[in-house]
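Residue-level listing of the chains:
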Amino acid sequence: MPRRHTALAVILAAALLALTGCAPIVALDAAPGSNDPGCAEISVRLPDSVAGKAKRETNAQATGAWGTPTAVLLRCGVKPIGPTTQPCVNVNGIDWVLMTDPAAKTIVYQTFGRVPATELIIDHVSGVSDSAVLPEFSGAIATVKQTEKCLSTLDTDPGA
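These figures come from a predicted structure and were not determined experimentally. (Residues numbered from 1 in each chain as written. Predicted model: local features only at pLDDT ≥ 70, side-chain atom pairs only at ≥ 80, totals over all residues. Heavy atoms only, no water.)

**Thoughts on the overall build of the chain**
- Helix and strand counts for the chain come out as four helices and eight strands.
- Along the chain direction, N to C, the helices and strands of the chain fall in the order α-α-β-β-β-β-β-β-β-β-α-α.
- Counting across all 160 residues of the chain, residues that qualify as buried make up 35%. (Helix = DSSP H or I, 4+ residues; strand = E, 2+ residues; numbered from the N terminus. Buried < 20%, exposed > 50% of the residue type's maximum accessible area, 1.4 Å probe, protein only.)

Here is the structure:
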């Protein structure tokens, strides 16, 4: 009988250690279009790690989070943006519009020309860089058809 109690105590202690080592679920608000089938396609293809940060569980549909503390957040189903003068970069075939000041501690990018649109929030304080994060999502985002492309001022005809 004492052996059984010892074994049970060891199992309970191991379970307690495992539970205390887990990061809490990341609380996020789902985007208005998070139930779009395109978001489901993106969600099932999200990477297990981004810029060396492990994926965490979230409490909202079509969202993702990486790092402890959280360094990268994703929300699919945000309202698509139209033509903009905000900077746009193409990374592995995905157009990303920089929605915030590039010097901010937290940077927000949004896909351009894809519905549903996806938003990425990158915390620069955590030590991750845009160049390490954006390429990680190319495969998932590419499942949503691109209908428009970002243009730079060099691509437009000022005489037209």
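**Description of the side chain of Gln110**
- Relative to the elements of secondary structure, Gln110 occurs in strand β7 (residues 106-111).
- Residue classification places Gln110 among the buried positions, given a relative accessible area of 6%.
- Residue contacts for Gln110: discarding those within four places in its chain leaves Val78, Lys79, Pro80, Ile81, Asp95, Trp96, Val97, Met99, Ala117, Thr118 and Glu119. (Contact = heavy atoms within 4.5 Å.)

**A word on the nonpolar core**
- The biggest cluster of nonpolar side chains holds 25 residues, and the ones touching the most others in it are Val72, Trp96, Tyr109, Leu120, Val133 and Phe137.
- Broken down by secondary-structure element, the contributors of at least two residues to this core are α2 (37-43), β4 (72-78), β6 (94-98), β7, β8 (117-123) and α4 (138-141).
- Of all hydrophobic cores here, the second largest spans five residues; its members include Val26, Ala60, Ala65 and Leu73. (Core = buried A, V, L, I, M, F, W, Y, C linked by side-chain atoms within 4.5 Å.)

**A short note on the state of the cysteines**
- Throughout the structure, instances matching the rule amount to two disulfides.
- Residue pairing for Cys39: its cysteine sulfur links by disulfide to Cys76, the two sulfurs lying 2.2 Å apart. One disulfide, between Cys39 and Cys76, carries an S-S torsion of -85 degrees and so falls in the left-handed class. Remark: Cys76 occurs in strand β4 and Cys39 occurs in helix α2; sequence separation between them is 37 residues. Note on accessibility: Cys39 and Cys76 belong to one class, buried. (Disulfide = S-S within 2.5 Å.)

**A closer look at the packing of aromatic side chains**
- Evaluated as defined, the whole model comprises one aromatic pair.
- Seen in terms of ring centroids, Trp66 and Phe137 are 5.2 Å apart; in terms of plane orientation they differ by 80 degrees. Their pairing is edge-to-face. With Trp66 in strand β3 (residues 63-66) and Phe137 in the loop between α3 (130-133) and α4, this pair connects stretches of sequence that are 71 residues apart.
- Taking the relative accessible area as the measure of exposure, Phe137 reaches 0% and is therefore buried. (Phe/Tyr/Trp six-rings, centres within 6.5 Å; stacked < 30°, edge-to-face > 60°.)

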